[in-house]
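The primary structure of each chain is shown beneath.
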Amino acid sequence: MAPPLLHLRNIRLDHGGRPLLDGAELFVALGERLCLVGRNGSGKSTLLKIAAGIIEADKGEVFVHPGATVRYLPQEPDLSGFSTTLAFVEAGLAPGDDPHRARYLLEHLGLTGEEDPANLSGGEARRAALARVLAPEPDILLLDEPTNHLDLPAIEWLEDELKRGRSALVLISHDRRFLENLSRAVVWLDRGITRRLDRGFAAFEGWRDDVLAREEEERHKLDRKIVMEEDWLRYGVTARRKRNERRLRLLNEMRQSRRSERRAEGTVKMAASESEASGKLVIEAVGVMKSYDGRPIVAGFSTRIQRGDRVGIVGPTAPARRR
Ligand SMILES: Nc1ncnc2c1ncn2[C@@H]1O[C@H](COP(=O)(O)OP(=O)(O)OP(=O)(O)O)[C@@H](O)[C@H]1O
Ligand SMILES: [Mg+2]
């Protein structure tokens, strides 16, 4: 394998209580494109922040190849302290970087560069932040949910841009198609540890289900063994003899390992009583209008939403505007 640009080894971190990361690994080589996946709250953003040097692990090693450039897109970007989006993007460039890329990227992300960061929508802020990390074409891009708030054409454009670029990628995204199109390896974060698959995201779910099924099978085997040994302990007349102490000790070890095991999440059954339905009509809106500084956002909007309706709201992201 190519030498690493970035290598996190045996990373441990807890926020008080059970460790969030318990020996996690992340290996990124030149030009590699990997995605980091795991359930909500499994610690993906935290691991990426450790890779970016934003937070420190409790234990473990963080190696970044000397001279390698790293850029990190946070899940919640902060643009405060800049007067325009262009100034914000340009501040991310290093001496020698192509200054034209700042404008090129802003334009392709639907921004003019003149927007005041204080008045941006969540989507606009994220697009500006994306332009800022892409502009210097770093050796490694660490991207936490880069497609959030992007409309479909913008997502396709970003895919192309990342495919054509030279940067190694670590992607966190809930957009499956985006991950399938881009990733060549998957790092799965689950119950504090990472497992790596050297294939794209399209192969991930089948592989994960196999891993979980094998784990479940091992657990059943252990359970059966414990039951057998407990029967022997209860009914066997020889259990208390000296030479059987080892067998007893082994049983206790199995019990201990069963107790300390972390089970896969998602096996909980829940039931909740429903409150009594209070009516069929949930929202009725007639002729709603809203504008900012004379720019209409909603005009003449009417709708009726009834209990049980499932409504999708779609539309392009805000177009670039001049002030
Ligand atoms: N500074 C902190 N102090 C205490 N707990 C924290 C802190 N930061 C994160 N956590 C907790 O750590 C867990 C993992 O958070 P993290 O943001 O890394 O998850 P994630 O995998 O990125 O989730 P998502 O898919 O929702 O973005 C969460 O339970 C979160 O509440
Ligand atoms: Mg996250």
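(A) Region of the structure containing the nonpolar core. Ranked by internal contacts, the top residues of the largest apolar core, which has 43 residues, are V37, L130, L158, L162, L171 and F178. No other element matches the 7 residues that helix α4 (residues 122–134) contributes to this core. Not counting residues up to four positions away in its chain, the partners in contact with L162 are L134, L141, L143, L169, L171, F178 and L182. Counting 27 residues, the second-largest nonpolar core is a separate cluster that includes L5, L8, L13 and L21.

(B) Highlighting the sheet that holds strand β2 (residues 21–29). With antiparallel pairing, the 3 strands of this open sheet are ordered in space as β2-β1-β4. The open sheet has two edge strands with one neighbour each: β2 and β4 (59–64). The mean inter-strand angle of the sheet, taken between neighbouring strand axes irrespective of direction, is 10°. Two elements, strand β1 (residues 4–13) and β2, share 7 bridges in a ladder whose sense is antiparallel. Looking at the pairing, H7 lines up with F27 of β2. Packing of helix α1 (residues 44–52) onto the sheet brings it into contact with β1, β2 and β4, and relative to β1 it is tilted by some 125°.

(C) Region of the structure containing the sheet that holds strand β5 (residues 70–73). Judged by pairing direction, the sheet is mixed, and its 6 strands sit side by side in the order β5-β6-β7-β3-β8-β9 without closing on themselves. Only two strands of the sheet have a single partner each, and these edge strands are β5 and β9 (193–197). Averaged over all pairs of adjacent strands, the angle between their axes in this sheet comes to 15°, without regard to strand direction. As defined by bridge partners, β5 adjoins strand β6 (residues 140–144) across 4 bridges and the pair is classed as parallel. Bridging across to β6, L73 finds its partner in L143. Seen against the sheet, helix α7 (residues 204–235) touches β3 (33–37), β8 (185–190) and β9 and runs at an angle of roughly 40° to β8.

(D) Structural context of the coordination of the magnesium ion (ligand 2). Coordination of the magnesium ion (ligand 2) by the protein comes from S45 (OG) and Q75 (OE1), over a distance range of 2.0 to 2.4 Å. One end of the pair, S45, is in helix α1; the other, Q75, is in the loop between β5 and α2 (85–90), with 30 residues separating them in the sequence.

(E) Representation of the site of ligand 1 within the structure. For ligand 1, the full set of nearby residues is H15, L20, R39, N40, G41, S42, G43, K44, S45, T46, Q75 and H174. A distance of 2.8 Å separates an oxygen atom of ligand 1 from a polar backbone atom of G41. In the environment of ligand 1, an oxygen atom lies 2.5 Å from a nitrogen or oxygen atom belonging to the side chain of T46. Contact with the protein chains removes 56% of the 640 Å² of surface that ligand 1 exposes when unbound. Within the shell around ligand 1, the residues separate by chemical class into 1 nonpolar, 9 polar and 2 charged.

(F) Examining the packing of aromatic side chains more closely. Overall, the coordinates contain 5 aromatic pairs when judged by the stated rule. Here W188 and W207 contribute two aromatic rings whose centre-to-centre distance is 5.9 Å and whose plane-to-plane angle is 70°, an arrangement assigned as edge-to-face. In this pair, W188 is assigned in strand β8 and W207 in helix α7, connecting sequence segments 19 residues apart. For the pair shown, W188 and W207 are each scored as buried. Each residue in the set W188, F201, F204 and W207 is aromatic and connected to the rest through ring pairs, giving one cluster. Cation over ring: R132 sits above F88, and NZ or CZ is 4.7 Å from the ring centre. Above the face of the W232 ring, R247 is positioned so that its terminal group lies 4.1 Å from the ring centre.

(G) Seen up close, the pattern of salt bridges. Summed over the entire model, instances satisfying the criterion amount to 20 salt bridges. The salt bridge involving D139 is made with R166; its shortest N-O contact spans 2.5 Å. Highlighted residues: D139 in the loop between α4 and β6 and R166 in the loop between α5 (152–164) and β7 (168–172), separated in sequence by 27 residues. Classification of R166 as partly exposed rests on a relative accessible area of 47%. Between E215 and R191 there is a salt bridge; the shortest N-O distance is 2.8 Å. Here E215 is found in helix α7, whereas its partner R191 is found in the loop between β8 and β9, with 24 residues between them in sequence.

(H) Here's a closer look at the side chain of H7. Among the structural elements, H7 can be located in strand β1. For H7, a relative accessible area of 19% corresponds to the buried category. When sequence neighbours within four positions are dropped, the list of residues in contact with H7 reads E25, L26, F27, E61, V62 and F63.

Here is what the cut-offs are and how they apply
- Residues numbered from 1 in each chain as written.
- Chains lettered and ligands numbered in written order.
- Predicted model: local features only at pLDDT ≥ 70, side-chain atom pairs only at ≥ 80, totals over all residues.
- Heavy atoms only, no water.
- Core = buried A, V, L, I, M, F, W, Y, C linked by side-chain atoms within 4.5 Å.
- Buried < 20%, exposed > 50% of the residue type's maximum accessible area, 1.4 Å probe, protein only.
- Helix = DSSP H or I, 4+ residues; strand = E, 2+ residues; numbered from the N terminus.
- Contact = heavy atoms within 4.5 Å.
- Pairing = 2+ DSSP bridges.
- Axes fitted to C-alpha atoms, helices over the stretch in contact; angles between N-to-C directions.
- Donors = N, O, S within 2.8 Å, 3.2 Å for Na, K, Ca; no water.
- Near = heavy atom within 4 Å.
- Polar contact = N/O pair within 3.5 Å; in protein donor to acceptor, adjacent residues only side chain to side chain.
- Areas by Shrake-Rupley, 256 points an atom, 1.4 Å probe, with all protein chains shown as cover.
- Nonpolar A, V, L, I, M, F, W, Y, C, P; charged D, E, K, R; others polar.
- Phe/Tyr/Trp six-rings, centres within 6.5 Å; stacked < 30°, edge-to-face > 60°.
- Lys NZ or Arg CZ within 6 Å of the ring centre and 35° of its normal.
- Salt bridge = Lys/Arg side-chain N within 4 Å of Asp/Glu carboxyl O.

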